Amino acid sequence: FEVIGIRTVLAILNCIGIHRLRKALVGKYGTTAGYCFILICCTQFHLMFYLGRPLPNTFAMAIVSYAFGCFLDAVFVISLVCSLGVLQIHLFIDLLFVVIRCDTLVLFAPFLLFLLFTNRVPFLRMVVLGVLAGVSSLLLSVSENVFYDS
């Protein structure tokens, strides 16, 4: 039953990410684009099959789709109710790089360069928060691996 619970939560997270991206597409390009996006997503067998599979690509898809939805809405700061307060999107991206898939750097490098060159996020702030998120993600990943290996 644990596996079913984990897969259900992962599928819900992926659905939230896809919904966030669809909502951004509707806001930017209209309802027809949103309907077409959902139609394409629903008719893809592999997407439906892998939504709840605990694979690195599946975890990455939830974060990538949510981040691109925020990017399309020009929401570069996400407020979370936690002890950290306000987090930048690139903190999620750093978590994605370090913990889940480092090859997503190819996907997000142009995204981060766009944020820097358009002065949406100051360079120093991006570096400081990126390093903090990277180190935190690495510590989380290592401590999790030590816990499960022992």
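Counting of residues starts from 1 at the beginning of each chain's written sequence and follows it residue by residue. For this predicted model, a pLDDT threshold of at least 70 governs which residues receive local features, and a threshold of 80 or more governs which side-chain atom pairs are given and counted, while totals over whole chains, interfaces and linings are taken from all residues. With hydrogens and water stripped out, all remaining heavy atoms of the structure feed into the side-chain values.

A. Molecular detail of the packing of helix α1 (residues 2–29) against helix α4 (residues 56–72). Contact pair α1 / α4: the axes reach a minimum separation of 8 Å and the direction vectors enclose 25°. Between α1 and α4, the angle falls in the class roughly parallel. In this structure, the crossing between α1 and α4 has a hand that is left-handed. From α1, L10, L13, N14, I16, G17, I18, R20, L21, A24, L25 and K28 reach across to α4, where they touch T58, F59, M61, A62, S65, Y66, F68, G69, C70 and L72. Classification convention: Asp, Glu, Lys, Arg as charged; Ala, Val, Leu, Ile, Met, Phe, Trp, Tyr, Cys, Pro as nonpolar; all other residues, Gly among them, as polar. Classifying every residue of the contact of α1 with α4 by side-chain character gives 14 nonpolar, five polar and two charged. A fitted line through C-alpha atoms represents every axis, and for helices the fit uses only the stretch in contact; the resulting angles, taken between N-to-C directions, go from 0 to 180 degrees. Here a strand is any run of E in DSSP of at least two residues, a helix any run of H or I of at least four, and the numbering for each starts at the N terminus. Any angle from 65 to 115 degrees is called roughly perpendicular, while one under 35 is roughly parallel, one over 145 is roughly antiparallel, and all others are oblique. Here is the rule for handedness: rotate from the far helix to the near one, and if that takes an anticlockwise turn smaller than a right angle the crossing is left-handed, while a clockwise turn gives right-handed. Note on contacts: a residue pair is in contact if any heavy atoms of the two residues lie within 4.5 Å.

B. Focus on α1. Take the residue count of a helix, subtract one, and multiply by 1.5 Å to get its expected span. With 28 residues, α1 should cover 40 Å at 1.5 Å per step; its first-to-last C-alpha distance of 40 Å lies within 8% of that length. Contact partners of the buried residues in α1: α2 (31–43), α3 (45–50) and α4.

C. Expanded view of the nonpolar core. Take the buried residues of types Ala, Val, Leu, Ile, Met, Phe, Trp, Tyr and Cys, join any two whose side-chain atoms come within 4.5 Å, and each joined set is a nonpolar core. For every residue, the accessible area obtained with a 1.4 Å probe (protein chains only) is divided by the maximum for its type, and the residue is called buried under 20%, exposed over 50%, and partly exposed between those limits. If you look at the biggest cluster of nonpolar residues, it comprises eight residues: V64, A67, F108, F111, L112, L115, V121 and M126. At the level of elements, α4 and α6 (105–117) are the ones that each hand at least two residues to this core. Here this core takes four residues from α6, the largest share from any one element. Core analysis: the next-biggest nonpolar cluster, separate from the first, contains seven residues, L25, F37, C41 and L47 among them.

D. Up close: the environment of V3. Tracing the chain through its elements places V3 in helix α1. Between the C-alpha atoms of V3 and P54, which are 51 residues apart in sequence, the distance is 9.1 Å.

E. Here's a closer look at the packing of aromatic side chains. Centres within 6.5 Å are what make two rings of Phe, Tyr or Trp a pair, Trp counting through its six-membered ring; a difference in plane orientation under 30 degrees is then read as stacked, over 60 as edge-to-face, and the rest as tilted. Going through the model one piece at a time under the given rule, you end up with two aromatic pairs. When the centroid spacing of 5.7 Å and the interplanar angle of 20° are considered together, the rings of F45 and F49 count as stacked. Placement of both F45 and F49 in helix α3 is noted, with a separation of four residues, approximately one turn of the helix. Residue classification places F49 among the partly exposed positions, given a relative accessible area of 39%. When the ring of F49 is compared with that of Y50, the centres are 5.1 Å apart and the planes differ by 90°; the resulting orientation is edge-to-face. For Y50, a relative accessible area of 34% translates into the label partly exposed. Three or more aromatic residues joined by ring pairs form one cluster here, namely F45, F49 and Y50. A positively charged side chain is recorded as over a ring if its NZ (Lys) or CZ (Arg) lies within 6 Å of the ring centre. The angle to the ring normal must also be within 35 degrees. Above the plane of the ring of Y66 lies R20, whose end atom (NZ or CZ) is 5.8 Å from the centre.

These results come straight from atomic positions and should not be treated as a statement about function.
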